[in-house]
Amino acid sequence: MSARHKLGGYRKMSELLKKEREIVIPGEILAQGMDFLPGENTYRENDNIYAKALGLVYVSGRVIKITSLSGPYVPMVGDRIIGKVIDITMTGWRIDTGTAYSGLLNVKDATTRFIKKGEDLSKIIAIGDYVIVMITQVTSQRLIDLAMREPGLKKITGGRIMKINSHKVPRIIGKQASMVNLLREKTGCEITVGQNGLVWVRGTPEGELKAEGAIKRIEERSHESGLTESMDAFLGGK
Amino acid sequence: MTYSKRLDERKNDELRPMDAKAGVIPNADGSAYFRAGKTTAYVAVYGPRELFPKFKQDPKKGLLRCHYAMMPFSGSGERIRPGTSRRAQEISMVMEQALLPVIDLSEFPNSVVDVFVQLPQTDAGTRCAAISAAAIALADAGIPMKDMISSVAVGQVDGTIVADLSYGEESYPAVVSDIPVAMTHNTKQITLLQMDGEISKEDLVKALDAAKSATEKVYDVQMKALKSKFSVENKK
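Thresholds, definitions, all that
Here, residues in each chain are numbered from 1, in the same order as that chain's written sequence. Here the convention is simple: chains get letters from A, ligands get numbers from 1, in the order in which they are written. Given that this is a predicted model, residues contribute local features only at a pLDDT of at least 70 and side-chain atom pairs are listed and counted only at 80 or more, while totals for whole chains, interfaces and linings are drawn from all residues. Computation of side-chain values covers all heavy atoms of the structure but excludes hydrogens and water. In this description a helix means any DSSP run of H or I spanning at least four residues, a strand means any run of E spanning at least two, and both kinds are numbered starting from the N terminus. Only the C-alpha atoms count toward the radius of gyration. The rule for a globule is 2.2 Å times the residue count to the power 0.38. Any residue under 20% of the maximum accessible area for its type is buried, any over 50% is exposed, and the rest in between are partly exposed; the area is computed with a 1.4 Å probe on protein chains only. What makes two residues a contact is simply this: any of their non-hydrogen atoms within 4.5 Å. Using a 1.4 Å probe, the Shrake-Rupley method yields the accessible areas, and only the shown protein chains count as cover for residues. When charges are counted, neither His nor the chain ends are considered; positive counts come from Lys and Arg and negative counts from Asp and Glu. We put the charge of a Lys on NZ, of an Arg on CZ, of an Asp on CG and of a Glu on CD. The criterion for strand pairing is that DSSP finds at least two bridges linking the strands in question. Throughout, an axis means a line fitted to C-alpha atoms (over the contacting stretch in the case of helices), and angles, computed between N-to-C directions, take values from 0 to 180 degrees. Residue ranges assigned to each domain were obtained from an automatic or database domain assignment. By definition, the buried area sums, over both parts, the 1.4 Å-probe accessible area that each loses when the two are put together. Here a polar contact means two N or O atoms within 3.5 Å. Within protein one must be a hydrogen donor candidate and the other an acceptor candidate, and residues neighboring in sequence count only if both atoms are side-chain atoms. Each residue receives one of three labels: charged for Asp, Glu, Lys and Arg, nonpolar for Ala, Val, Leu, Ile, Met, Phe, Trp, Tyr, Cys and Pro, and polar for the others, Gly being one of them. Roughly parallel means an angle under 35 degrees; roughly antiparallel, over 145; roughly perpendicular, 65 to 115; everything else is oblique.

Concerning the overall build of chain A
Then comes step 1: Within chain A one finds six helices and 16 strands.
Then comes step 2: A compact globule built from 238 residues should have a C-alpha radius of gyration of about 18 Å, whereas chain A, at 23 Å, is more than 25% larger.
Then comes step 3: For chain A, the proportion of its 238 residues judged to be buried stands at 42%.
Then comes step 4: Across chain A, every contact between residues at least 6 apart in sequence was considered, and the portion connecting residues at least 24 apart equals 55%.
Then comes step 5: Counting only carbon and sulfur atoms, one obtains 53% of the accessible surface of chain A, whose full area is about 12600 Å².
Then comes step 6: On chain A, the mean spot of the 36 positive side-chain charges and the mean spot of the 27 negative ones are 2 Å from each other.

Quick look at the structure:
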């Protein structure tokens, strides 16, 4: 018996139909044949792998995936996000995460301080406050648990909040936080970027304005290469 | 008397000049503009977002909600009363049903994706333009979709099979039929099929066959609109 028979008869050659980083729209065929595996935002039907979202094609080994260019923020465990307190419950706070689903911040995950039974929670965090929190759990029904007991996680006071496209967050942060560190250094502001696309900037009024302008500029030019260098020049020497 | 030459001198299988653009409404999560001849549609997509009233929430999947509206001045002189009408409600419903087979909202339980359509100018084929535009806007909004939906009307005017009827043809003084069709791109599954008027069985088969190549032309315009939005962003 030949090797071909052992493989199950005549098998069609697998072929990749799209180039790396090519833009595809939903329903486009990415590859033919069983040698490729469908990754994120793709699906297999019979021999073909199809795109399930608008985005850029990435191939790593046998896996084909699509990095979407738009769309909602998907809450992930471990993400640090900025949220707004929308309600106070018996045991904690309800936080708007900027998605279709709100998160719950339990009292015991919010502070190390002892809280007496029946204490007024709005004295600690009030409705309308913004908080920097971490996602600790997401269920299949998109119930979100939040925590605020790690360094850097806190209730926000002062400064300003701005909203950007959550898909552009990695560019605002940069490689090894190079971009956000550059912004901090050049504007003298404290900057926190939430994975859900909310950014908190606090500093002098001039510094805040400068940082806000710079962040908007990065969002617009997120596709450019060498962005950190050009932002360095944009923000000037000081 | 046969209908041998079309009113606007198109070939029988020729569509009206089409034009499309993605991302025309910055405030929306996704948006699109689609024009076929004198019919223009603007679509804005919002969501997935929290669904109210709460009793409509489905814990298994997100809901798609379409809202179709013709603008008061859009028709041929008659003022269209703003707000919903029996006709607008029907078209909103068939739009949802035409788009749902390709849209996967299982990742967004209890949420809603809102699709708002406004037609500033109409000259027949509004539901087709609305569906074609909505498919672009949903893709632009990053909603998971298994395929694209393209829509166009086919039909018969006095015994001649034609594609993409204009209002003049729909109201031609003879036996006319107008069949709006929406199809998926890869599998050519029909997701919208309605009819106004009369047609013979043989002609219906021929017309639906013509719809395959006609929706393909719409698909090309949709694809170009989506790709050019993001490739401009890539080059800029």
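Details of the sheet that holds strand 5 (residues 111-121) of chain B
Residues and elements named next belong to chain B.
Then comes step 1: On the basis of which strands lie adjacent, the open sheet formed by five strands has the order 1-2-3-5-4 and mixed pairing. Sheet topology places strand 1 (18-22) and strand 4 (63-70) at the edges, where each strand pairs with a single neighbour. Strand-to-strand twist in this sheet, taken as the mean axis angle between neighbours without regard to direction, amounts to 15 degrees.
Then comes step 2: The sheet strands contacting helix 1 (residues 86-99) are strand 4 and strand 5, and the helix crosses strand 4 at an angle near 140 degrees.

Concerning the domain arrangement of chain A
Many structure descriptions define interface size as the accessible area lost when the parts assemble.
Residues and elements named next belong to chain A.
Then comes step 1: Annotation of chain A at the domain level lists domain 1 (3-68), domain 2 (80-147) and domain 3 (160-235).
Then comes step 2: The C-alpha centroid of domain 3 is placed 26 Å from the C-alpha centroid of domain 2.
Then comes step 3: At the junction of the two partners, domain 2 supplies six residues and domain 3 supplies nine residues.
Then comes step 4: Interface area, domain 2 with domain 3, both sides summed: about 640 Å², of which 71% is carbon and sulfur.
Then comes step 5: Sorting the residues of domain 2 by area buried against domain 3 places Ile82, Tyr130 and Ile132 first, and these three jointly supply 63% of that buried surface.
Then comes step 6: At the surface where domain 2 touches domain 3, the tally comes to three residue pairs in polar contact (both at pLDDT 80 or more).
Then comes step 7: Among the elements of the structure, strand 9 (80-88) and strand 12 (130-138) are those that each provide at least two residues to the side of domain 2 that touches domain 3.
Then comes step 8: Across the side of domain 2 that touches domain 3, the residue classes tally to four nonpolar, one polar and one charged.

Quick word on the packing of helix 4 (residues 178-187) of chain A against helix 6 (residues 227-235) of chain A
Residue and element names in this part refer to chain A.
Then comes step 1: Contact pair helix 4 / helix 6: the axes reach a minimum separation of 10 Å and the direction vectors enclose 10 degrees. As judged from the angle between their axes, helix 4 and helix 6 are roughly parallel. Facing helix 4, whose interface residues are Ser178, Met179, Leu182, Leu183, Lys186 and Thr187, helix 6 presents Leu227, Thr228, Met231, Asp232 and Leu235.
Then comes step 2: Counted by class, the contact of helix 4 with helix 6 contains six nonpolar, three polar and two charged residues.

As for the side chain of Ser102(A)
Residues and elements named next belong to chain A.
Then comes step 1: Relative to the assigned elements, serine 102 resides in strand 11 (residues 102-106).
Then comes step 2: What makes serine 102 buried here is its relative accessible area of 18%.
Then comes step 3: Looking at serine 102, its side chain comes within polar contact range of the side chain of arginine 94, at 2.6 Å.
Then comes step 4: Not counting residues up to four positions away in its chain, the partners in contact with serine 102 are Ile86, Arg94, Ile95, Thr97 and Ile144.

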